[in-house]
Amino acid sequence: MSPDKEPEKEKVVTEKKISSAKYEKAVLHHFDQQCKDIRNQLNEQVKALGERTETQVAVLAELEDFIKKRGEVEAEHAKNLEKLARGIIQRQKTEKTKRDAWTHHASCSVWQELVDSTRAEAEERQGMANLLMKKIAPGVAMRADDLQRMSKKCRDIAILAHSEMHRVMTELQTAMKTYQIVYGECSIAEKKMRTAQDELAKTDSANAGKSTLSRKQKQCQKALSKRAEKYRSVRLRCTKARNEYILCVKAANASLHKFYADDLSFLIDCADLGMDFWLQSLIGTVSEARKDLAMKEMTSLADLEGLRDSLDARADKQSFFESRPTVFMLPKPFEFK
């Protein structure tokens, strides 16, 4: 090789080294950024889970307040109905002697039925109020407390799972850096071995035809043997580092996949503490109470319908006549005298 080509070869080797160093630096930067993004995402997950619980608790607080106020409205309505019916009944007792004749009129039956149904409705409304204020509203408040406690435990579990993924990613980062270092050493050892092979080939070419090895050839063979051994040793370490790197990549991906595909969904289910079933139970309780109230209302309406159908003007008139027989009895006929 001519002297002017030697610097060109060294220049190419130097450029390859710089290019390789830039590539390794870019790979490390990309990996570090990827790990940083994942860690930020995991931190945002814990924050999002907390915000989800806060939203649910706020909704439950609003639901509890509504149920309490609805119960107060029902209680106030029941109180007014009871007050109305009690006042009517009390006045009936006070003026009983003045109202003896009322029973002979159909309108009295209508009046009595409406008063009785009002008093019954007052009791039913008060029962609904007690159910809302003493059972359902405290149940909602208790649910909110349980939800907060369970959410806190689930977020703690999520943080533990995140720490495990951080550990796996740290191991991956260490394995990748180790592999890059050993790979660089392997590349250098291989280049040195190739250089020794070239030197030996040159020496062999220069001493072609000679029966004995020259001193230069012996030195080149010894250098080649030493560098070949060094290359095999570094290559073995490089293979082990590569295998370790691949295993760490698979372990990190498996850990991330398991958490995102399974654990995250399970954590949310645990944090919700069976919210859908609890809401179904809540709706069922309210629905059954309202159905019972509606059935009693329908029974009351059926009684009113029956009273309407039983109204008979003739019977009412006959009852009125019979209540005062001396007044409405036919007088004795006149006689011719």
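Residues numbered from 1 in each chain as written. Predicted model: local features only at pLDDT ≥ 70, side-chain atom pairs only at ≥ 80, totals over all residues. Heavy atoms only, no water.

Asker: Would you take a moment to explain the overall build of the protein chain for this structure?
Answerer: Across its full length, the protein chain carries six helices and zero strands. Relative to its full complement of 337 residues, the protein chain shows a buried share of 26%. Sequence-distant contacts in the protein chain: of pairs separated by 6 or more residues, those separated by 24 or more amount to 88%. Of the roughly 24000 Å² of accessible surface on the protein chain, a fraction of 58% belongs to carbon and sulfur atoms. (Helix = DSSP H or I, 4+ residues; strand = E, 2+ residues; numbered from the N terminus. Buried < 20%, exposed > 50% of the residue type's maximum accessible area, 1.4 Å probe, protein only. Contact = heavy atoms within 4.5 Å. Areas by Shrake-Rupley, 256 points an atom, 1.4 Å probe, with all protein chains shown as cover.)

Asker: Sorry, what's going on with the nonpolar core here?
Answerer: The tendency in soluble globular proteins is for nonpolar side chains to be buried side by side. Counting residues in each nonpolar core, the largest one holds 20 residues, and the members touching the most others are Phe-31, Ile-38, Leu-42, Met-165, Leu-172, Phe-259 and Leu-267. Of all the elements in the fold, those that place two or more residues in this core are helix H1 (5-94), helix H2 (106-206) and helix H3 (215-272). When residues of this core are assigned to their parent elements, the largest contribution, eight residues, is made by H2. Ignoring sequence-local partners within four residues, the contact set of Met-165 consists of Leu-42, Ser-255, Leu-256 and Phe-259. Membership of the second largest hydrophobic core comes to 16 residues, among which are Val-140, Ala-144, Met-275 and Leu-282. (Core = buried A, V, L, I, M, F, W, Y, C linked by side-chain atoms within 4.5 Å.)

Asker: Help me understand the packing of aromatic side chains, please; the structure alone is not making it clear to me.
Answerer: Centre-to-centre distance and the angle between the planes together describe a pair of aromatic rings. Tallying each qualifying case throughout the model produces three aromatic pairs. On the numbers, 5.6 Å between centres and 85° between planes, the contact of Phe-259 with Tyr-260 is edge-to-face. The structure contains a cluster of three or more aromatic residues connected by ring pairs, namely Tyr-179, Tyr-183 and Tyr-245. (Phe/Tyr/Trp six-rings, centres within 6.5 Å; stacked < 30°, edge-to-face > 60°.)

Asker: Just checking my understanding: could you explain the pattern of salt bridges for this structure?
Answerer: Any two side chains of opposite charge can pair, on the condition that their charged atoms come close. Applying the stated criterion across every chain, the model contains 18 salt bridges. Residue Glu-74 is joined to Arg-70 by a salt bridge in which the shortest nitrogen-to-oxygen separation is 3.2 Å. Note that Glu-74 and Arg-70 are positioned in helix H1 at a spacing of four residues, about one turn of the helix. Ionic pairing is found between Arg-194 and Glu-190, a salt bridge with its closest N-O pair at 3.4 Å. Residue Arg-194 and its partner Glu-190 are located together in helix H2, separated by four residues, close to a single helical turn. (Salt bridge = Lys/Arg side-chain N within 4 Å of Asp/Glu carboxyl O.)

Asker: Looking at this structure, how should I read a positive patch on the surface?
Answerer: A cluster of like positive charges, contributed by Lys-192, Lys-222, Lys-226, Arg-227 and Lys-230, occupies part of the molecular surface. In terms of residues, the positive patch owes the most to one element, H3, which gives four residues. Note that Lys-222 resides in helix H3. (Patch = residues over 30% accessible without salt bridge, like charges linked within 9 Å, V, L, I, M, F, W, Y side chains within 5 Å. Lys, Arg positive; Asp, Glu negative; His and termini not counted. Charge placed at Lys NZ, Arg CZ, Asp CG, Glu CD.)

Asker: It is not clear to me how the side chain of Glu-124 should be interpreted in this structure. Could you clarify?
Answerer: Tracing the chain through its elements places Glu-124 in helix H2. The buried charged residue Glu-124 lacks any salt bridge partner; its closest oppositely charged side chain belongs to Lys-296, at an N-O distance of 4.9 Å. Aside from chain neighbours lying at most four places away, what touches Glu-124 is Leu-293 and Lys-296.

Asker: Quick question: what am I supposed to make of a nonpolar patch on the surface here?
Answerer: Side chains of Phe-321, Val-327 and Phe-328 sit close together on the surface and give an oily, nonpolar patch of about 260 Å² of accessible area. Of note, Val-327 is situated in helix H6 (residues 325-328).

Asker: Could you clarify how one ought to interpret the environment of Leu-247 in this entry?
Answerer: Mapped onto the elements of the fold, Leu-247 is located in helix H3. Sequence separation between Leu-247 and Leu-172 is 75 residues; the distance between their C-alpha atoms is 8.6 Å.

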